[in-house]
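For reference, the chains in residue letters:
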Amino acid sequence: MIARTPPDCCVADYSSLVDITNADIARHLNEIAELLEAQRANPFRVQAYRNAADTLLGLHQSAQQIFEDEGLAGLTELPGIGRSLAAVVEQRIRTGHSSVLDRLRGDARAERLFGTVPGIGPELAARIHEQLGIDTLQQLELAAHNGSLLRVPGMGQRRVLAVRESLAGRFRHGPYDADALFDIMSPDGPTHDHVTVAVLLDVDEEYRRRAAAGELVQIAPKRFNTDGDAWLPILHTERHDQHFTALFSNSARAHQLGRTHDWVIIHHDDESDGQWTVVTEHRGSLKGKRIVRGRERECVRHYSRPDAPGSQHHRS
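Residues numbered from 1 in each chain as written. Predicted model: local features only at pLDDT ≥ 70, side-chain atom pairs only at ≥ 80, totals over all residues. Heavy atoms only, no water.

### Regarding the pairing of strand β2 (residues 232-239)
Where burial is concerned, most of β2 is hidden: seven out of the eight residues are buried. Where strand β1 (residues 217-219) meets β2, three bridges bridge the pair, whose relative direction is antiparallel. Residue pairing in the sheet places Ile219 in a bridge with Leu232 of β2. Between β2 and strand β3 (residues 242-248), which pair antiparallel and follow one another directly, the connecting turn spans two residues, one of which, His240, has a positive phi of 50°. (Buried < 20%, exposed > 50% of the residue type's maximum accessible area, 1.4 Å probe, protein only. Helix = DSSP H or I, 4+ residues; strand = E, 2+ residues; numbered from the N terminus. Pairing = 2+ DSSP bridges.)

Given below as structure tokens:
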């Protein structure tokens, strides 16, 4: 059994956390491992979840108490639990559910993701998704700064400001500055903990190609699937030692516009907030090309490179 000595003082007030046991979290992690294995994810990643479950079952102290006493850093220091797994455990402790498990079950939804932001309840989250057609926290942050979030009924100035403050530190670029964020993106690979559009478009290409060839496991999403058909292909892949999951969008907006087999949602599995939507652009200079929503300027730069797939200079 693994013993831990609690710190001398508490770092935060977590009195409103969901009451959850180590066994509950371990079952949750093992279910993730089983789904990853069934969906042909990297075996080392599958084993990492199982090892984390074993670690929690071997603790004398509850993971919830460790989190209350030491925060995310305390979870990260546990044997076999690094930053990404600690974030999964943290979300389970805070909310009682997990976006990773939702995704693997085919039940990921923007409304639930937006509901993790303080001040946004389920009804308001659904209204934001439906009226603005956005799917990710990065897009929500942009909407909070460009004025579009204010157009959603129930989102006053004070609530929009709270959303800005809540999301400001999540994506490692400090106070919101689209130009500064754009300029630090390298065209050659991930830098400053960001993922470039080149990587995202490459994952998108692999997903759509392998989905069309019937090479991917198909899962049965719960939403908009009354017959329970397994129709949604899911891809687990890696770039630069980072893990990604890709699926076609199963959102209400995608169904409404008939884009369920065009919009691709890519999740950065090593970062709980890393999620992007890749679509086919239907207007402007990028018409007909695959673009990453919210990062159109980077896409322009990407396609201007002579060696970029899809550029007018590129030769296969």
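### Let's talk about unusual backbone geometry
Across residues other than glycine, the phi torsion is negative in most instances, and most of the peptide bonds are trans. The phi angle at Arg40 is positive, at roughly 65°, despite the residue not being glycine. With respect to the helices, strands and loops of the structure, Arg40 is situated in the loop between α1 (22-38) and α2 (43-57). A positive phi angle, close to 50°, is found at His240, a residue other than glycine. Along the chain, His240 falls in the loop between β2 and β3.

### Describing the packing of α1 against helix α5 (residues 83-95)
Two quantities define a packed helix pair, namely the angle between the axes and the distance from one axis to the other. Across the interface, α1 lies against α5 with an axial gap of 11 Å and an inter-helix angle of 130°. Classified by the angle between their axes, α1 and α5 sit oblique to one another. Here α1 runs over α5; the crossing is right-handed. Where α1 abuts α5, its residues Asp24, Ile25, His28, Leu29 and Ile32 lie against Val88, Val89, Arg92 and Ile93. By residue class, the composition of the contact of α1 with α5 is six nonpolar, one polar and two charged. (Axes fitted to C-alpha atoms, helices over the stretch in contact; angles between N-to-C directions. Parallel < 35°, antiparallel > 145°, perpendicular 65-115°, else oblique. Left-handed = near helix turned anticlockwise from the far one by under 90°. Contact = heavy atoms within 4.5 Å. Nonpolar A, V, L, I, M, F, W, Y, C, P; charged D, E, K, R; others polar.)

### So, the packing of helix α3 (residues 63-70) against α5
Packing of α3 against α5 leaves a shortest axis separation of 10 Å and a crossing angle of 95°. Taken together, the axes of α3 and α5 lie roughly perpendicular to each other. Residues Ala63, Gln64 and Phe67 of α3 lie in contact with α5, whose contacting residues are Glu90, Ile93 and Arg94. Of the residues that constitute the contact of α3 with α5, the class distribution is three nonpolar, one polar and two charged.

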